[in-house]
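Spelled out, the chains give:
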Amino acid sequence: PAAPAHKPAAVSLMAGDEIMEMDRMRKLIADHMVMSKHVSPHVTSFVEADVTNMVIWRDKVKGPFEKREGEKMTFTPLFVEAVAKAIKDYPMVNVSVDGQNIVKRKSINIGMAAALPSGNLIVPVIKNADEKNLVGLTKNVNDLANRARANKLASEDIQGVTFTLTNLED
């Protein structure tokens, strides 16, 4: 029997998003990628990065930072800041596909995977991450992570993501 037709999820638009029609090549690539999900096994690729200098810097500043700001500095806000800056430099990674169109997102809303006590994951969203400094990102990350663990996230805390990052554990 034939597989049921797949109806793509609707892409919700946000203020400032730009809609661009895909060119022929991108349409073909998108069609082939969707088809491949149905017929091919998938793998994940990893690239290692040396973050030794970031670890050294964080170890040096985390104590004074916590005393001054009243917040623990984890690695997550550092990665969120790096991703937000990279998206500013390469905005075409901050897109969604809507049928035959590409939606180029104006907002940089970074989803961060957070572990729940049950072992499940939830992805709260740091809205407009590119507009926050490291102190603001740290406070936002800690607040979302604490509320996720306490099961106190509101629906708007998990909506509007344009790019998601997660940590992979062995």
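Here, the structure is the one placed above.
What counts and what doesn't
- Residues numbered from 1 in each chain as written.
- Predicted model: local features only at pLDDT ≥ 70, side-chain atom pairs only at ≥ 80, totals over all residues.
- Heavy atoms only, no water.
- Helix = DSSP H or I, 4+ residues; strand = E, 2+ residues; numbered from the N terminus.
- Contact = heavy atoms within 4.5 Å.
- Pairing = 2+ DSSP bridges.
- Phe/Tyr/Trp six-rings, centres within 6.5 Å; stacked < 30°, edge-to-face > 60°.
- Lys NZ or Arg CZ within 6 Å of the ring centre and 35° of its normal.
- Axes fitted to C-alpha atoms, helices over the stretch in contact; angles between N-to-C directions.

1. Examining the environment of Ala-15
Counting through the fold element by element, Ala-15 comes out in the segment before strand S1 (18-21). Residues Ala-15 and Ser-107, spaced 92 residues apart in sequence, show a C-alpha to C-alpha distance of 8.0 Å. Once residues within four sequence positions are removed from consideration, Ala-15 is found in contact with Lys-106 and Ser-107.

2. Concerning the sheet that holds strand S7 (residues 125-126)
If you trace the three strands from one edge of the open sheet to the other, you get S7-S4-S8, paired in mixed fashion. Taken across any chain shown, the strands that pair with only one partner, and hence form the sheet edges, are S7 and strand S8 (163-165). In this sheet, S8 lies alongside strand S4 (residues 110-112) in parallel orientation, the contact comprising three bridges. If you follow Gly-111 over to S8, its bridge partner there is Thr-164.

3. Here we look at the environment of Ile-87
Position of Ile-87 among the secondary structure elements: in helix H3 (residues 76-89). Not counting residues within four places of it along the chain, the set of residues in contact with Ile-87 comprises Val-93, Asn-94, Ile-108, Ile-110 and Phe-163.

4. Here's the deal with the packing of aromatic side chains
Within the structure shown, the criterion is met by zero aromatic pairs. Above the ring of Phe-75, the side-chain terminus of Arg-58 is found at 4.3 Å from the ring centroid.

5. Brief notes about the sheet that holds strand S2 (residues 95-98)
Hydrogen bonds between backbone atoms are what pair the strands of a sheet, whose relative direction is either parallel or antiparallel. In spatial order, the strands read S1-S3-S2; together these three strands make up an open sheet with antiparallel pairing. Two strands lie at the open edges of the sheet, namely S1 and S2, each paired on one side alone. Between one strand and the next, the sheet's axes are offset by a mean angle of 25 degrees, whatever the strand orientation. Pairing of S2 with strand S3 (residues 101-104) involves four bridges; the strand directions are antiparallel. Bridge pairing in S3 places Asp-98 opposite Asn-101.

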